[in-house]
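# Tertiary structure, described
The primary structure of each chain is shown beneath.
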Amino acid sequence: MTDLQQAKPSPSTFNRRKFLATAGAGVAGSSLLTMLDAKQAPAQIKGTTLRILQWSHFIPAYDTWFDSKLTKEWGDQNGVKVRVDHIPHLELPARMAAEYAAGAGHDIIMNGSSILTRLYYKSLADLTDVYDAAGKKHGGWIPTAKALVEAEGRYYGIPLFYILLPMTYRKDLFDANGLKAPDTWELARVAARTLKPKGHPTGIQFSQCADANLNWRSVLFSFGGAELDPSGENILIDSKETREALKFAKALYDEGMTAEVFSWDDASDNRYLASGIACWVHDAISAYRTTEDTNPDVFKNTFIGMEPAGPNGKRVNTCAANVWMVWKFSKNQQAAKEFLTHMVDTFSEGMTSSRGYNMPYLNGLAKKPMPVIGTDPKLQILQDFPPIVAFYGYPGPFITPIQEVVNLFVLPDMFTRVARGQSVEDVMKWGMGEYRRIFAKHKRA
Amino acid sequence: MTPASLQGGGPEPTARAAVVSVAVPLRSRLMFQSQTSRRLAFGYLLLAPAALYVLLLVGAPFVFSLYLAVSDANVGDPVATFIGLENFRSALEMDVFWIALQNSVIFLVVAAIFKSILGTSLAFLLLQDFPGKKLIRGLVVIPFTLPIAISVLAWKWMYDSQFSVINWVLSRVGLIGQYGTDSWPIWLGDPKLALLACIAVNVWRTFPFSAIVLLAGFTSVPLEVLDAAKVDGCSFFQRFRHVVAPMIFPILMIGFLFDTVFTLSDLSVVYLLTQGGPANASKILPVLAYQIGIQAGNLGRGAAIALFLVPLLAPAMFLFLRNLKRREY
Amino acid sequence: MATAQTLRQKERRRHLWIYAGLTPFVFIAVFPIYWMLITAFKQDPDLYRMDNIPFWFNLAPTLRHFKILFFQTNYGAWIVNTMTIAAWVALITLVTAVPAGYALARLRLPAAENIGISVFMTYLVPPIILFLPLSRVVAMLGLQDEWWALVVVYPTFTIPFGTWLLMGFFKTVPMEMEEAARVDGCGYLGAFLRVVLPVSVPGVLTAVIFAFTLSMQDFLYGLAFVAPGDQKPVPVGVPTELIRGDVYYWGSLMGAALLVGLPVAVLYNFFLDRFIQGITGGVGK
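Below, the structure is looked at part by part.

All right, on to the packing of helix α5 (residues 92-102) of chain A against helix α6 (residues 127-140) of chain C then. Where α5(A) meets α6(C), the closest approach of the two axes is 7 Å, and the angle between their N-to-C directions is 55°. Relative to α6(C), the element α5(A) is oriented oblique. As α5(A) packs across α6(C), the resulting crossing turns out to be right-handed. Counted together, A:Ala94, A:Ala97, A:Ala98, A:Ala101 and A:Ala102 of α5(A) and C:Phe131, C:Leu132, C:Ser135, C:Arg136 and C:Ala139 of α6(C) form the full contact between these two elements. Tallied by class, residues from the contact of α5(A) with α6(C) come to eight nonpolar, one polar and one charged.

If you want it as structure tokens, here you go:
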């Protein structure tokens, strides 16, 4: 009932709470408080408040662990009051923009799926020391981590975990029809072609949603396609490989999917699998978990495979990245940095709480057996993913024009257009036009 | 009793002032002038809180967003420079901008047509007397009172490509085929249906409101006037056209104006249902502005897209409201 | 006797026609509500089976979704926040829009018409842009991440509406009443308070109900200004904490919407007659 009491608008509690919140968070706007803060020695974090904004994790148990165990224990040890707020990952950019405009808000802010580090870096605290120290301590960062947080040679964010979108398939259906496990995209297509007439199509989102951005990039990159060169200067979309990937997607759609996929959002493939219809989906393990929780019969026969290989045997899994940043306006950067270090150090505990959802960016933390996925026979294969992980812009960096490309769903729209019957060349021309237009605008600015 | 009050319903200031000035000597006229200034002072005092509130919290931010629209501001760069109409130019260069503009207009017009048809018929029915009227009225206003951000989610579930209850019913009735066949509509995935599906949610939510506004209009027509017209031998349609319509016109227009403004700036329905997909088929201006301005961080271009219609709408609205107010007297 | 019976029959037939005419409307309006209601009590596996009849329970009904709402989220606090915010917003709207509407309608201010129109035109400013500068205002007031922030912000869209509504309404109060009062020794203020206001109660109530409902329709401002779990209002808290990544808590989402929506609908219906009177007075004359 404390919540309810807190919410009462009695003037006295309001003022006290307002004062605490203001003083604690070090919100700008009161010169007196700023002066008080300035007097504190920077290393002195005892008695401060640390405010963290992050998403609502797919696995509620993770939030419980994070909010009432991890932060609480660390806070008690260091004499810091930690407060964690949650909003959905897709809405984090709006909140971030609001905090930027206000010049006040949380100390630590998380980005999921849309990584805005490079866009905001001038307003973010330099976390190079934390990044380097964590790398040293835990066997180095995976190669693709750097591009998420680097700007002008410094690091402005700490990647904590990424989310894999592996191949999840119905072994019973595959076995009954003499199909080989979907270890290549070609086998996956054959399976869908065989099983669709039997009432078990597949589906990948041909729509404007986060999973569409991720899944079609996995296909594109596994086919040998590329988005940007490592310098971030040149757009590499216009290629033979992209055309092959587009043709493949068209065939996959025609032979193995229904028109439903045009309406799908991030949750639809979960339901498709859980309802027992899908022969396979390419989705985060929330699909696997949803099935576990809602349809035990289907779950029994649901298996996870290695990322399917493209025609030349290449495997790339485009993952949803998650990065933690510290605002420059934060008055409590010291505590923020120490907490981030602690967060990285306790990664394994977090991976357990997330039921194997969170995957580490640090090589030392990716050693087998990893928590949860190392002990679950069906999930063990996920431990082999770290070397093939990629993010938006691959093999180039995740720079701001790519962010706009992602937010405008240019790449999934290319696949959608082809699936809807436009010619590959027309779509290629349209897509390149969009990429060029967006890049040109960012150069001009 | 003063001459003014005897005038009985003569609120015209000049007329009354004239009466006063004729009836009273010079000393009183001076008094009247001080009374005028007192009246004005009182008036502005009463106006001040609302005016200040709006000026500070809408006016000032509005000026700021105008500034954004002509600058190269992005979310991360504190220093923005003036770039003139560049943001508007680059908006015009985008295919998707034109699609969004077109969709916004379609959205507005189609939704308005359905809302007025449904709203008018519902209002006519609710005008009658019958047992259980209050209950039924209570039921039909529910869509309007549910928080929009949540009721859209219920629709998302009803439009689900697989578990759509709408399709389930249509399929059982035999209007569409089985799940998995081509005639099973994919409400949010078919470019021809996606925008319509979003419009349907907007109509569902607001037609009860249209009905109430119209009901208010009908109730405002005095029965005697109608009876008089009936006695004069006017037919139902004549009565409607010459008596009812002119009287409810201002109400209709105000309702229409509010609805237009809210519909044009509302992003929640489309954003939560389709994000503007598939392949931009249901993209509308506010969603595009949000995706470019906020999610991708290009404040300047986002502001330009969001404000694009203002120069077109503002003068239209101004003239409209002026005219409307004239009619009221 | 016979005529009375035929009259009654005629009346009953008329009612039947009306009910028949209303059925589609009630169906359109209520079906999604029914759907939400039943979803709120269904077990999750019951939602994800295609062979089931969706309109009824195929597995036993459950209260689990409501347990999640009340014991695993701050739903209780969200309801209290929503109601207190709405009440404050209504109050602020009242004390600003009533005098403003009166001044614009009755005191023959030289620029009244243009001021009235400008107030209305503030609706043209899109919230998706407005929320950025507003977040600065909220931070300067030290209200960031408290529901008080929304009490400050929501009147930006309720005041213009309220002012317009009341402006029209005050116009319908006969001028003589007011002038008679002034002659009897009341000043402008006295005439306003003692004569005009009492006869304008329906209009004022309308403005209040409207402010109340409008303040429950926002999502973006709440999202941008209030992040802490115990400070959110229902329309923000529910979608932000019951959609987890790609998992929707359908049952809890629907239950949460209905628990706040239905009482407001009852309240609304209760005031509807006054409301109708309100807008009629507002723009009809």
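We now examine helix α14 (residues 286-294) of chain A. Burial analysis of α14(A) places seven of its nine residues in the buried class, which makes it a mostly covered element. Tucked inside the fold, the buried residues of α14(A) contact α13 (268-274), β8 (280-282), α15 (296-300) and β9 (302-305) of chain A together with α2 (44-47) and β2 (247-248) of chain C.

Time to look at the interface of chain C and chain B. If you look at the interface, chain C gives 107 residues, while chain B gives 103 residues. Of the roughly 10,000 Å² buried where chain C meets chain B, counting both sides, 80% is carbon and sulfur surface. In this assembly, chain C and chain B are joined by 16 residue pairs in polar contact (both at pLDDT 80 or more). Residue contributions to the side of chain C that touches chain B peak at 19 residues, all from helix α14 (residues 250-283) of chain C. For the side of chain C that touches chain B, the per-class residue count stands at 84 nonpolar, 14 polar and nine charged.

Right, let's get into a nonpolar patch on the surface. On the surface, B:Val105, B:Val109, B:Ile113, B:Phe114 and B:Ile117 cluster together to form a nonpolar patch covering roughly 460 Å² of accessible area. Among the secondary structure elements, B:Val109 is positioned in helix α5 (residues 95-127).

Here we take up the packing of α5(B) against helix α6 (residues 133-145) of chain B. Residues and elements named next belong to chain B. Running from N to C, α5 and α6 point in directions that differ by 160°, and their axes come no closer than 11 Å. As judged from the angle between their axes, α5 and α6 are roughly antiparallel. Regarding α5 and α6, the two cross each other, and that crossing is left-handed. Where α5 abuts α6, its residues Leu-122, Leu-126 and Leu-127 lie against Lys-133, Ile-136, Arg-137 and Val-140. Split into classes, the residues belonging to the contact of α5 with α6 amount to five nonpolar, no polar and two charged.

Moving on, we come to the environment of B:Asn103. All names here are of chain B. Positionally, Asn-103 belongs in helix α5. For Asn-103, a relative accessible area of 6% corresponds to the buried category. As a C-alpha pair, Asn-103 and Ala-281 span 178 residues in sequence and 8.1 Å in three-dimensional space. Once residues within four sequence positions are removed from consideration, Asn-103 is found in contact with Leu-195, Asn-280, Ala-281, Ser-282, Lys-283 and Ile-284.

Next up on the list: the interface of chain A and chain B. Facing 38 residues of chain A, the contacting portion of chain B comprises 43 residues. Summing the contributions of chain A and of chain B, the shared interface buries around 3,400 Å²; its carbon and sulfur component is 51%. Of all residues in chain A, the largest losses of buried area upon contact with chain B belong to A:Leu119, A:Gln208 and A:Glu260, amounting jointly to 16% of the total for that side. One salt bridge connects B:Arg301 with A:Glu404, and the closest N-O pair in it is separated by 2.8 Å. Counting across the chain A and chain B interface gives 13 residue pairs in polar contact (both at pLDDT 80 or more). Contributing elements (two or more residues each) for the side of chain A that touches chain B: α5, α6 (117-120), α13, α18 (400-407), α19 (410-419) and α20 (424-444) of chain A.

This part is about the pattern of salt bridges. Going through the model one piece at a time under the given rule, you end up with 36 salt bridges over all chains. Residue A:Asp345 pairs with A:Lys137 through a salt bridge whose shortest N-O separation is 2.7 Å. Taken together, the residues A:Asp345 in helix α16 (residues 333-345) and A:Lys137 in helix α7 (residues 128-137) connect sequence positions 208 residues apart. Classification of A:Lys137 by relative accessible area gives exposed; the value is 55%. Because the salt bridges share partners, they merge into one network encompassing A:Arg51, A:Asp85, A:Arg95, A:Glu99 and C:Asp145.

Each value, and the rule that gives it
Residues numbered from 1 in each chain as written. Chains lettered and ligands numbered in written order. Predicted model: local features only at pLDDT ≥ 70, side-chain atom pairs only at ≥ 80, totals over all residues. Heavy atoms only, no water. Axes fitted to C-alpha atoms, helices over the stretch in contact; angles between N-to-C directions. Helix = DSSP H or I, 4+ residues; strand = E, 2+ residues; numbered from the N terminus. Parallel < 35°, antiparallel > 145°, perpendicular 65-115°, else oblique. Left-handed = near helix turned anticlockwise from the far one by under 90°. Contact = heavy atoms within 4.5 Å. Nonpolar A, V, L, I, M, F, W, Y, C, P; charged D, E, K, R; others polar. Buried < 20%, exposed > 50% of the residue type's maximum accessible area, 1.4 Å probe, protein only. Buried area = accessible area lost by both parts, 1.4 Å probe. Polar contact = N/O pair within 3.5 Å; in protein donor to acceptor, adjacent residues only side chain to side chain. Patch = residues over 30% accessible without salt bridge, like charges linked within 9 Å, V, L, I, M, F, W, Y side chains within 5 Å. Areas by Shrake-Rupley, 256 points an atom, 1.4 Å probe, with all protein chains shown as cover. Salt bridge = Lys/Arg side-chain N within 4 Å of Asp/Glu carboxyl O.

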